[in-house]
Amino acid sequence: MNKIESFKINHDVLQRGIYVSRIDGDVVTLDIRVKKPNGGDYLKTDAMHTIEHIFATYVRNSEYSESVIYFGPMGCRTGFYLLMRDDVSKEDVISLIKSAFLFIADFEGEIPGNSKVECGNYLEHDLAGAKAEAALMAEVLNGWKPSDMKYKEV
């Protein structure tokens with residue numbers, strides 16, 4: 001089999017942040033790297049699940065909702081993929097992602113989609129953990145620019 005694009009990225013040099021992973025027609029796949037790959041510190045499954053629920057709900061209710069295609073976790077538990085139409089500027093994408101993490105960091109109340117009817121694993125959530133991870137990621141994104149969205153070469 002051919003090696004897929006995401007496996008061609010050198011994960012030894014990849015840092016936390018937002019990267020354009022690939023562009024397929026009018027769909028941009030964004031690599032939102034919350035943890036340094038192979039760093040020994042990974043997202044806890046329950047906190048990651050909570051981030052997924054709140055982040056997805058937030059971006060699908062934003063002014064860019066029509067451009068959001070998908071948001072979901074990476075199996076390696078180091079981040080998330082956000083797929084969007086290419087009609088949103090990189091500056092606005094950065095702003096949207098940062099505001100989503102700030103929203104999660106300050107979130108109070110019931111986790112969206114957190115019932116047995118709405119979620120296949122509704123008992124596995126950690127709001128406090130999600131808030132802590134989101135606050136750390138929002139700090140990483142302070143000053144993040146479109147020029148930072150390119151994977152670093154080795």
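Computed from a prediction, not measured in an experiment: that's the story for all the values here. In every chain, residue numbers begin from 1 and rise along the written sequence. Given that the model is predicted, a residue must reach a pLDDT of at least 70 before its local features are reported, and side-chain atom pairs must reach 80 or more before they are shown or counted; all residues, however, enter totals for whole chains, interfaces and linings. Only hydrogens and water are set aside when side-chain values are computed; all heavy atoms of the structure are taken into account.

## Topic: unusual backbone geometry
Link 1 in the chain: Residues other than glycine seldom take positive phi values, yet N38 does so here, at roughly 55°.
Link 2 in the chain: Numbering of helices and strands starts at the N terminus; helices are DSSP runs of H or I of at least 4 residues and strands are runs of E of at least 2. Mapped onto the elements, N38 comes out in the loop between β2 (27–33) and α1 (45–59).
Link 3 in the chain: Judged by its relative accessible area of 58%, N38 is exposed.
Link 4 in the chain: Residues other than glycine seldom take positive phi values, yet R77 does so here, at roughly 65°.
Link 5 in the chain: Accessible area is worked out with a 1.4 Å probe on protein chains only. A residue is then buried under 20% of its type maximum, exposed over 50%, and partly exposed in between. By relative accessible area, which is 30% here, R77 ends up partly exposed.

## Quick notes on the sheet that holds strand β1 (residues 17–24)
Hydrogen bonds between backbone atoms are what pair the strands of a sheet, whose relative direction is either parallel or antiparallel.
Link 1 in the chain: Here, a strand pair is defined by DSSP locating no fewer than two bridges between the strands. Strand order in the open sheet formed by four strands is β1-β2-β4-β3, with antiparallel pairing between adjacent strands. Across the chains shown, the open sheet's two edge strands, defined by having one partner strand only, are β1 and β3 (68–73). Neighbouring strand axes in the sheet, compared pairwise and without regard to direction, differ in orientation by 20° on average.
Link 2 in the chain: Direction of pairing for β1 relative to β2: antiparallel, over a ladder of seven bridges. Inter-axis angles, ranging from 0 to 180 degrees, are taken between N-to-C directions of lines fitted to C-alpha atoms, where helices are fitted over the stretch in contact.

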